[in-house]
Amino acid sequence: MTAQSGPLWIASENPTTAGTLAWVKLDTAADYERQATEAVESFKRWRSIPAPARGLVVRAIGDAFRTHKHDLGELVSLEVGKIRSEGQGEIQEIVDIADFAVGLSRQLPGLTLPSERAGHRLIEQWLPLGVVGVISAFNFPAAVWAWNACLAAVAGDVTLWKPSLLAPLTAIACNRIADEVATSMGHPGVFRLIIGTDTEVGESMIADKRLPLISATGSCRMGKRVGAVVAQRLGRSLLELGGNNACIVHKDADLDLTLPAIVFGAVGTAGQRCTTTRRLIIHESIADTFVQRLTKAYQSLESRIGDPLKDGTLIGPLVNAKAVEQFEHAVAQAKAQGAQILAGGSRAERSDIRGHFVRPTLIKAPASNTLPIALEETFAPILYVFTYRELDEAIAMQNSVDQGLSSSVFTESVRVSERFLHPDGSGSDCGIANVNCGTSGAEIGGAFGGEKETGGGRESGSDSWKAYMRRQTCTINFSGKLELAQGIRFE
Ligand code: NAD
């Protein structure tokens, strides 16, 4: 960050080269104030547009992202180091959620309930909420904004987006596309962007009573701060925070299917997904053979580390130098706590790569299964291996962390999978629980989010739209006389 004669500027760094992509001027608290004031006015106009007509705007935005998918995907790769197909996938997620929101715009439902009073109608209707503050993490620099912005737009809300300072260029490009499309259709100001520091812009946003909802994605540390400030003003927060996700591999699992699912879950996006598989909990009877196969797979990945935009690359860089330090710290802690490094464990140093690269790392926990560092989320490709004898022991290990985002079990047995998904809630304690597929790579159709320190928020599909609207219960008396509920007489 630098002050070049006046306003602060930040460099958007390319993690692949550690070079600067561009300098971005930061907004100030005064810029925030102007944006928030204007956003309230934009909301008053936008909420009066019928929901299906709002859907037409989102449909056009989805089409624009279809057109620009290739270029935007490359920008994601350049700015945060995702490999090409994952960068493209991120933009595809915008297209998908836009499609979902368009459908929703014609079916935002209400409810009619039977009234206990004759000649009365009892209904619930859903109304636009207001200006939604969206705070996004670096690792999904586009899709998570779109999950919020598309649903909020059909709901009748205006979004004010504060992206991560590690990915400002992606934010500028995405917001500009959405804003230009909406403006060309007569609706300026529905999609807004503010790029600034957490202390100046972030804190202004979360304390602002004009924003009834703050939707924040990022670390548990950030969520605790945002949740507390928003709660202090009795606002709503939608928190999508860190994960420490585990795969349980039962003794009857199809290991040919399990192996690639775990490798992708653990090293995809260089371990920088909230849903990354961080812990493998494997039945002791198959642990040795499976871990040998896994170690081989990890060794073979070494040659696939590199420039995320090059064909054949499977593992790009970590986002910055600090992330590499955190990776090294976790590996050192694991060693000090008695774990064994089976693969990786250090920076990736090759003459043809210069940025923030580390080797995918497989770490075997001590026989006691005690490894405190594994209880923390380190945003890097580190997979810790634990073993178990009884399924209940594995489920307890999986649930023993502070976060509750994603989980999965690999098994051919319906008893095991039903135990894991038990309807009494005694199985996985996560917001996402999968069978025979990994912890990462959710579709937009389901509600996405997690429990415990993951924050409890739900975004994307299913009924997540409810977070962006306010519910109103209405009793309409057409009986011609006044009758009180519960048979109360007041004469
Ligand atoms: P981070 O917490 O460092 O930053 C996230 C965002 O919060 C950034 O935009 C940052 O500027 C903002 N922020 C931080 N302090 C703030 C404050 N006081 N007021 C307002 N805004 C503030 O997280 P990160 O390093 O960008 O992302 C990685 C983390 O995000 C991981 O923990 C990961 O698990 C989590 N994540 C969760 C999900 C999910 O859906 N659950 C998705 C992606 C990432």
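About the thresholds
- Residues numbered from 1 in each chain as written.
- Predicted model: local features only at pLDDT ≥ 70, side-chain atom pairs only at ≥ 80, totals over all residues.
- Heavy atoms only, no water.
- Helix = DSSP H or I, 4+ residues; strand = E, 2+ residues; numbered from the N terminus.
- Rg over C-alpha atoms; globule rule 2.2 N^0.38 Å.
- Contact = heavy atoms within 4.5 Å.
- Areas by Shrake-Rupley, 256 points an atom, 1.4 Å probe, with all protein chains shown as cover.
- Lys, Arg positive; Asp, Glu negative; His and termini not counted.
- Charge placed at Lys NZ, Arg CZ, Asp CG, Glu CD.
- Polar contact = N/O pair within 3.5 Å; in protein donor to acceptor, adjacent residues only side chain to side chain.
- Domains from an automatic or database assignment.
- Buried area = accessible area lost by both parts, 1.4 Å probe.
- Salt bridge = Lys/Arg side-chain N within 4 Å of Asp/Glu carboxyl O.
- Near = heavy atom within 4 Å.
- Nonpolar A, V, L, I, M, F, W, Y, C, P; charged D, E, K, R; others polar.
- Core = buried A, V, L, I, M, F, W, Y, C linked by side-chain atoms within 4.5 Å.
- Buried < 20%, exposed > 50% of the residue type's maximum accessible area, 1.4 Å probe, protein only.
- Pairing = 2+ DSSP bridges.
- Axes fitted to C-alpha atoms, helices over the stretch in contact; angles between N-to-C directions.
- Arc of directions from axis to C-beta.

When helices and strands are tallied, the chain shows 13 helices and 22 strands. Against the 2.2 N^0.38 benchmark of 23 Å for 491 residues, the chain shows a C-alpha radius of gyration of 24 Å, consistent with a compact globule. Dimensions of the chain, computed from C-alpha atoms along their principal axes, come out at roughly 80 × 60 × 40 Å. Sequence-distant contacts, at least 24 apart, represent 74% of the contacts inside the chain between residues at least 6 apart. As displayed, the chain has an accessible area near 20,900 Å², and 52% of this comes from carbon and sulfur atoms. Both charge centroids of the chain, one from 49 positive and one from 54 negative side chains, sit 4 Å from each other.

To continue, consider the side chain of Asn-139. In this fold, Asn-139 is placed in the loop between strand S6 (131–135) and helix H5 (143–155). Reaching out from Asn-139, the side chain makes a polar contact with the backbone oxygen of Gln-272 at a distance of 2.9 Å. Those residues within four positions of Asn-139 in sequence are excluded, and the remaining contacts are Lys-82, Glu-90, Gln-272, Arg-273, Cys-274 and Phe-379.

It is common to give the size of an interface as the accessible area that goes away when the parts come together. With domains assigned, the chain is organised as domain 1 (3–241 + 455–474) and domain 2 (245–435). For domain 1 and domain 2, the distance between their C-alpha centroids amounts to 31 Å. Counting residues at the interface gives 21 residues for domain 1, matched by 25 residues for domain 2. Between domain 1 and domain 2 lies a buried interface of about 1,900 Å² when both sides are counted; carbon and sulfur atoms form 61% of it. When the area that domain 1 buries against domain 2 is broken down by residue, the three leading residues are Thr-16, Ile-83 and Glu-86, summing to 27%. Remark: the boundary between domain 1 and domain 2 carries one salt bridge. Between domain 1 and domain 2 we count eight residue pairs in polar contact (both at pLDDT 80 or more) in total. Contributions of two or more residues to the side of domain 1 that touches domain 2 are made by helix H3 (69–80) and helix H4 (84–105). In terms of residues, the side of domain 1 that touches domain 2 owes the most to one element, H3, which gives four residues.

Turning to the site of the ligand, a few remarks are in order. Neighbouring the ligand are 27 residues, the closest being Ser-136, Asp-198, Ser-219, Leu-241 and Glu-377. Within the backbone of Phe-138, one N or O atom sits 3.0 Å away from an oxygen atom of the ligand. A distance of 2.6 Å separates an oxygen atom of the ligand from a polar atom in the side chain of Ser-219. When the ligand sits alone it has 850 Å² of accessible area, and the protein chains cover 90% of it. When the residues that make up the shell around the ligand are grouped by side-chain class, the tally is eleven nonpolar, nine polar and seven charged. Viewed by domain, the shell around the ligand spans two of them, domain 1 (3–241 + 455–474) and domain 2 (245–435), each represented by three or more residues.

The biggest cluster of nonpolar side chains holds 149 residues, and the ones touching the most others in it are Phe-65, Trp-145, Leu-294 and Tyr-384. Here this core gets twelve residues from one element, more than from any other, and that element is H5. Built from parts of two domains, this core gets at least three residues from each of domain 1 (3–241 + 455–474) and domain 2 (245–435). If we skip the residues at most four places from it in the chain, Trp-145 touches Phe-65, Ile-94, Val-134, Trp-161, Cys-174, Asn-175, Ala-178 and Phe-191.

What follows covers the sheet that holds strand S22 (residues 469–477). On the basis of which strands lie adjacent, the open sheet formed by three strands has the order S4-S5-S22 and antiparallel pairing. Each edge of the open sheet carries a strand with a single partner, namely strand S4 (111–113) and S22. Averaged over all pairs of adjacent strands, the angle between strand axes in this sheet comes to 20°, irrespective of strand direction. Two elements, strand S5 (residues 120–128) and S22, share nine bridges in a ladder whose sense is antiparallel. The residue bridging Glu-124 from the neighbouring strand is Thr-473, located in S22.

Turning to the sheet that holds strand S13 (residues 340–343), a few remarks are in order. A sheet is described by the order of its strands in space; here seven strands give the open sequence S13-S14-S15-S12-S11-S17-S18, paired in mixed fashion. Sheet topology places S13 and strand S18 (432–435) at the edges, where each strand pairs with a single neighbour. In this sheet, adjacent strand axes meet at a mean angle of 25° when their direction is disregarded. Of the pairings in the sheet, the one linking strand S11 (residues 245–249) to strand S17 (residues 406–410) comprises four bridges and is parallel in character. Within S17, the residue paired with Ala-246 across the bridge is Ser-407.

Here we take up the environment of Val-40. Note on placement: Val-40 falls in helix H1 (residues 29–46). For Val-40, a relative accessible area of 23% puts it in the partly exposed group. In sequence terms Val-40 and Leu-309 are 269 residues apart; their C-alpha atoms lie 41 Å from each other. Dropping the residues within four chain positions of it, Val-40 is found in contact with Val-131 and Arg-210.

Take the pattern of salt bridges next. For the structure on display, the rule yields 24 salt bridges. Salt-bridge contacts for Lys-466 lead to Asp-463; the nearest nitrogen and oxygen are separated by 3.8 Å. Note on Asp-463: relative accessible area 38%, which makes it partly exposed. In this structure, Arg-489 engages Glu-491 in a salt bridge whose closest nitrogen and oxygen atoms are separated by 3.0 Å. Judged on exposure class, the residue Arg-489 and its partner Glu-491 are both exposed.

Before going further, it helps to examine helix H12 (residues 391–398). Along H12, the positions that sit buried rather than exposed are Leu-391, Ala-394, Ile-395, Met-397 and Gln-398. For H12, the arc enclosing every buried residue in end-on projection is 160°, short of the 170-degree limit, so these residues lie on one face. Residues of H12 that are buried make contact with S11, strand S12 (277–283), strand S15 (382–388), S17 and helix H13 (414–420).

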